[in-house]
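If you want the building blocks of each chain, they are given just below.
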Amino acid sequence: MQEADLRGAALNGAKLIEADLYHVFLNRAVMWEADLSRARLAEADLSETYLSRSSLGEANLRNAILSGAKLIGANMRSADLTGADLRGSNLKESDLIRTLLCHANLTQTDLCKAKLAETDAVGANFTGANLIGTDFTDADLSRSDLSGTDLRSATLQRATLDHAIATGVKLWETQRAGWSIKGIVCECAFWDREAKSPIKYSLGEFERLYSEQTCIELFYHGGVSTFELNTLPVLLHHLANRHPNSNIRLKSIEETGGGARISISIGDADSETANTIKADAMRIYQAQLALRENEILRLQIQKEYLENFVSEKLMRAVLSAGTPHNVFNAPVTGVVIPSGKAKVDFRQTVNDNSALLALLERIMDHRADLDLSMAEAAEFSSELQSATGELQKKDPDESIVSKSIRFIQKLATEAVTKTAGKLGEAAVENWQAWLHQLSQVITHLK
């Protein structure tokens, strides 16, 4: 039946298995539940044809015209649709597993809840398509155009979207584990359920934020306790300090069946380093779980360390950083919490002087590093206590604080220079950071 004209024909339930229908005109034909398995339909005109629940498995539909066709629930598994025109067609709940859709035109196509697992759709055009709940597991969507597509609740696990265009895509509740998005172009995306709040991205930002990285997953049966949540920053800080050249960050905390899962992503690390980081994280994780059985020790740690440091010092500094004035009229420029190498940048003295007091206390704790003589150590401690005591007053005397800090900065600088070879790289970097911070404080003092 090559080049036959069957436009508008009623072929419901027709058996056309392996039929040769090359270049046949079947547009507007009614072919409900027809069997066209392995049929040769290359370049056939099937526009606006009713093919719902029909079987087109392994059919040759290269360059076929299927625009406006009704293919609801159709079986098109392993069909060849390379270069096919599917604009505006309805493929809801259809089976397109392992189909070839390379360079096919699927503009405004309805593929809601369709199965496209393992599909090869390189260079396909999905612009404006309805892909809600569509399964793209292991699909290759490289260089495809996904502009304005609705992928809410879709599965993109292990899918390849390298160099795809995805501006305006809707991604609420998508499953993206293992996906690849190298070179993807996405200027904005919608992550909210109603797709009304676009998030804009600069060039390469979407790839950097959402590319799949090595991930550590820590599962807490029964949920994350207050103690475990409080020690999470310590865990992250510990990993960042031990592996300063790796991009370690908290990815998510989510409730799941029977408990909660904390995910930590690792970037810029080879497999060996990633395994070491995982081992370090698991040691802390196991210690957290062990403490679930030791309430006395857990409460002791929480009281002596967490409450004292996190609540009293760190949070006071963070909260006060937003205050527009301080006792020395210095500009408030923010507090930087350490990540990676152990550096804390306090670039101001805020109105309750929490940041400066914390810095002086850190210097006090590490004064033994300086290898001072007995007389120097006594004078150094005296000036530290003088500055600390004055700063704790309601109305500190600026001249006293200034004198003490200048002395501390001068003596510490000389001592670090002399003992740099003994201290080690990490300690020298810490002291250089603290001395730099003191220098910035001095510039604001009379």
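Cut-offs applied
For every chain, the first residue of its written sequence is number 1, and the numbers climb from 1 along that sequence. Side-chain atom pairs in this predicted model are given and counted only at pLDDT of 80 or more, local residue features only at pLDDT of at least 70, and totals for whole chains, interfaces and linings cover all residues. Hydrogen atoms and water are omitted, and side-chain values are computed over all heavy atoms in the structure. Here, any two strands with at least 2 DSSP bridges between them count as paired. The helix count covers DSSP runs of H or I at least four residues long, the strand count covers runs of E at least two residues long, and both are numbered beginning at the N terminus. Throughout this description, the term salt bridge denotes a Lys or Arg side-chain nitrogen within 4 Å of a carboxyl oxygen of Asp or Glu. Classification of residues uses two cut-offs on accessible area relative to the type maximum, computed with a 1.4 Å probe and protein chains only: under 20% is buried, over 50% is exposed, and between them is partly exposed. Every axis in this analysis is a line fitted to C-alpha atoms, fitted for helices over the stretch in contact. Angles between the N-to-C directions lie between 0 and 180 degrees. In a left-handed crossing the near helix is turned counterclockwise from the far helix by less than a right angle, and in a right-handed crossing that turn is clockwise. Throughout, a residue-residue contact means that at least one pair of heavy atoms, one from each residue, lies within 4.5 Å. Charged residues are taken to be Asp, Glu, Lys and Arg, nonpolar residues to be Ala, Val, Leu, Ile, Met, Phe, Trp, Tyr, Cys and Pro, and polar residues to be all remaining types, Gly included.

Overview of the sheet that holds strand E2 (residues 188-190)
One key point about sheets: their strands pair by backbone hydrogen bonds, in either a parallel or an antiparallel sense. Spatial strand order, E1-E2-E3: 3 strands in an open sheet with mixed pairing. The strands lining the two open edges of the sheet, one partner per strand, are strand E1 (169-170) and strand E3 (198-200). In this structure, E1 lies alongside E2, joined through 2 bridges in parallel fashion. Across the sheet, residue Lys-170 finds its bridge partner in E2, namely Phe-190.

Quick notes on the pattern of salt bridges
Scanning the model with the defined rule gives 15 salt bridges in all. The shortest N-O distance in the salt bridge between Asp-85 and Arg-87 comes to 2.8 Å. Owing to a relative accessible area of 15%, Asp-85 belongs among the buried residues under this scheme. Assessed through its relative accessible area of 43%, Arg-87 is described here as partly exposed. One salt bridge connects Asp-280 with Arg-242, and the closest N-O pair in it is separated by 3.0 Å. Placement of the pair is Asp-280 in helix H3 (residues 271-290) and Arg-242 in helix H2 (residues 226-242), with a sequence separation of 38 residues. By relative accessible area, which is 3% here, Asp-280 ends up buried. When salt bridges that share partners are traced, they join Glu-217, Glu-254 and Arg-261 into one network.

So, the packing of helix H6 (residues 374-391) against helix H7 (residues 398-423)
Look at H6 against H7: their axes get within 9 Å of each other, and the N-to-C directions meet at 145°. Both H6 and H7 take part in a crossing whose hand is left-handed. Only Ile-400, Val-401, Lys-403, Ser-404, Phe-407, Ile-408, Leu-411 and Ala-412 of H7 make contact with H6, whose side of the interface consists of Glu-376, Glu-379, Phe-380, Glu-383, Leu-384, Ser-386, Ala-387, Glu-390 and Leu-391. Taken together, the residues that form the contact of H6 with H7 break down as 10 nonpolar, 2 polar and 5 charged.

A look at the sheet that holds strand E4 (residues 214-221)
On the basis of which strands lie adjacent, the open sheet formed by 3 strands has the order E4-E6-E5 and antiparallel pairing. Where the open sheet ends on each side, the last strands, each with one partner, are E4 and strand E5 (247-256). If you compare each strand with its neighbour and ignore which way they point, the axes differ by 20° on average. Where E4 lies against strand E6 (residues 259-267), 8 bridges are found, and the strand directions are antiparallel. Paired with Leu-218 across the two strands is Ile-262, which belongs to E6.

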